[in-house]
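Architecture at a glance
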Amino acid sequence: MTLLAPSLLAANYMQLGESIREAEIAGADYLHIDVMDGHFVPNLTFGIDMVGAIAGVANIPLDVHLMLANPDLYIEKFAEAGAKIISVHIEACPHIHRVIHQIKEAGCQAGVVLNPGTPAGNLTSVLAEVDLVLQMTVNPGFGGQRFIPGTLRNMTFLDQYRKENDLNYLIEVDGGINQETADLCKAAGVDILVAGSYFFQSADKKVTADFLKK
């Protein structure tokens, strides 16, 4: 069964607690939190205090995606705030191996993120070290974008690589997920779907979650 991580970037910020409860009731496995710094990506979103507040009311793990220029400076703080998974961009980390182990030493599962234009082959030296690979299927920074079909090649590569090398990292995708693109991703071997607008704007979130997870 596919896992679901609703993206709080698309939630109603004025009723965030209610949005979290709706996601949990619908059967979400994680809450996906996009942290943006206005430098690595052209937007500002959740910070450390907000992650701590979400952790205080959430009953499912927090999947924290750091879209930061220097993520290594903040990993311990986000771990202390309640993150269970912390993912960083390979494009932002010249010393990615060290950062992966920094995340693990902070007590979290470690993820590495690929932008749409980054080949998955760039990760082969660290795939044995990570718990999760997050493939961006839109250019990071804003919600509501269209899915980039070329990213499916990376998903297929990652799925084949872990089978050939007896690895067990999870493959997650984020961006433009809907009924059609979810099926494409699942066929490519994806384990976790991050859904923002498609989930939070749906009339029946339970039905939407059940579809994405089947």
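What comes next concerns the included structure. (Residues numbered from 1 in each chain as written. Predicted model: local features only at pLDDT ≥ 70, side-chain atom pairs only at ≥ 80, totals over all residues. Heavy atoms only, no water.)

**What about the nonpolar core?**
- Leu8 and Ile86 are the most contacted members of the largest nonpolar core, which totals 63 residues.
- Excluding its chain neighbours within four sequence positions, the residues that come into contact with Ile86 are Val64, Leu66, Ile75, Phe78, Ala79, Ile103, Cys108, Gln109, Ala110 and Gly111.
- Core analysis: the second largest hydrophobic core is formed by 10 residues, Tyr30, Ile85, Met136 and Val194 among them. (Core = buried A, V, L, I, M, F, W, Y, C linked by side-chain atoms within 4.5 Å. Buried < 20%, exposed > 50% of the residue type's maximum accessible area, 1.4 Å probe, protein only. Contact = heavy atoms within 4.5 Å.)

**Description of unusual backbone geometry**
- Notably, Asp166 is not glycine yet its phi reads approximately 55 degrees, a positive angle.
- Locating Asp166 in the fold gives a position in the loop between helix H5 (152–164) and strand E7 (170–174). (Helix = DSSP H or I, 4+ residues; strand = E, 2+ residues; numbered from the N terminus.)

**Details of the side chain of Ser7**
- Tracing the chain through its elements places Ser7 in the loop between strand E1 (3–6) and helix H1 (16–26).
- Those residues in contact with Ser7, other than ones at most four positions away along the chain, are His32, Asp34, Val194, Ala195, Gly196 and Phe200.

**Side note on the packing of aromatic side chains**
- Going through the model one piece at a time under the given rule, you end up with three aromatic pairs.
- Judged by centre distance (5.0 Å) and plane angle (85 degrees), the ring pair of Phe199 and Phe200 falls under edge-to-face. The burial state of Phe199 is the same as that of Phe200; both residues are buried.
- Sitting over the ring of Phe211, Lys186 keeps its end group 5.0 Å from the ring centre. (Phe/Tyr/Trp six-rings, centres within 6.5 Å; stacked < 30°, edge-to-face > 60°. Lys NZ or Arg CZ within 6 Å of the ring centre and 35° of its normal.)

**Side note on helix H8 (residues 205–213)**
- Every buried residue of H8 is accounted for by Lys205, Thr208, Ala209, Phe211, Leu212 and Lys213.
- Residues of H8 that are buried make contact with E1, H1, helix H6 (179–187), strand E8 (192–195) and helix H7 (197–200).

**Re the packing of H1 against helix H2 (residues 48–57)**
- Viewed as axis vectors pointing N to C, H1 and H2 meet at an angle of 50 degrees, and their least axial separation amounts to 10 Å. As far as their axial angle goes, H2 and H1 are oblique. In this structure, H1 crosses over H2, and the sense of that crossing is right-handed. Only Met50, Ile54 and Val57 of H2 make contact with H1, whose side of the interface consists of Leu16, Ile20 and Glu24.
- A class-by-class count of the residues in the contact of H1 with H2 yields five nonpolar, no polar and one charged. (Axes fitted to C-alpha atoms, helices over the stretch in contact; angles between N-to-C directions. Parallel < 35°, antiparallel > 145°, perpendicular 65-115°, else oblique. Left-handed = near helix turned anticlockwise from the far one by under 90°. Nonpolar A, V, L, I, M, F, W, Y, C, P; charged D, E, K, R; others polar.)

**Quick look at H6**
- The set of residues buried in H6 consists of Thr181, Ala182, Cys185 and Lys186. Down the axis of H6, the buried side of the element spans an arc of 135 degrees, and every buried residue falls inside it. Seen from the open side of H6, the exposed residues pointing more than 90 degrees away from its buried face are Glu180 and Ala187.
- The elements touched by buried residues of H6 are H5, E7, E8 and H8.
- Its side-chain oxygen 3.0 Å from the backbone nitrogen of Glu180, Asn178 forms the N-cap of H6.
- Gly189 sits one or two residues past H6 and shows a positive phi near 105 degrees. (Arc of directions from axis to C-beta. Polar contact = N/O pair within 3.5 Å; in protein donor to acceptor, adjacent residues only side chain to side chain.)

**With respect to the pairing of strand E4 (residues 85–89)**
- Of all the five residues making up E4, five are buried; the element is thus mostly covered by neighbouring parts of the structure.
- Every second residue of E4 is oriented toward a common face, with Ile85, Ser87 and His89 on one face and Ile86 and Val88 on the other, all of them buried.
- By the bridge criterion, four bridges tie strand E3 (residues 62–67) to E4 in an arrangement that is parallel. Bridge assignment links His65 to a residue of E4, and that residue is Ser87.
- In this view, the connection linking E3 to its parallel neighbour E4 by way of helix H3 (residues 75–81) has right-handed handedness. (Pairing = 2+ DSSP bridges. Right-handed = clockwise from strand over helix to strand, strands pointing away.)

**A closer look at the pairing of E8**
- Taking every second residue as pointing to the same face, both faces of E8 are buried, with Ile192 and Val194 on one and Leu193 and Ala195 on the other.
- Bridge count for E1 against E8 is four bridges, and the pairing is parallel. When the sheet's bridge partners are listed, Ala5 is paired in E8 with Val194.
- Taking the sense of rotation as the criterion, the β-α-β connection linking E7, H6 and E8 turns out right-handed.

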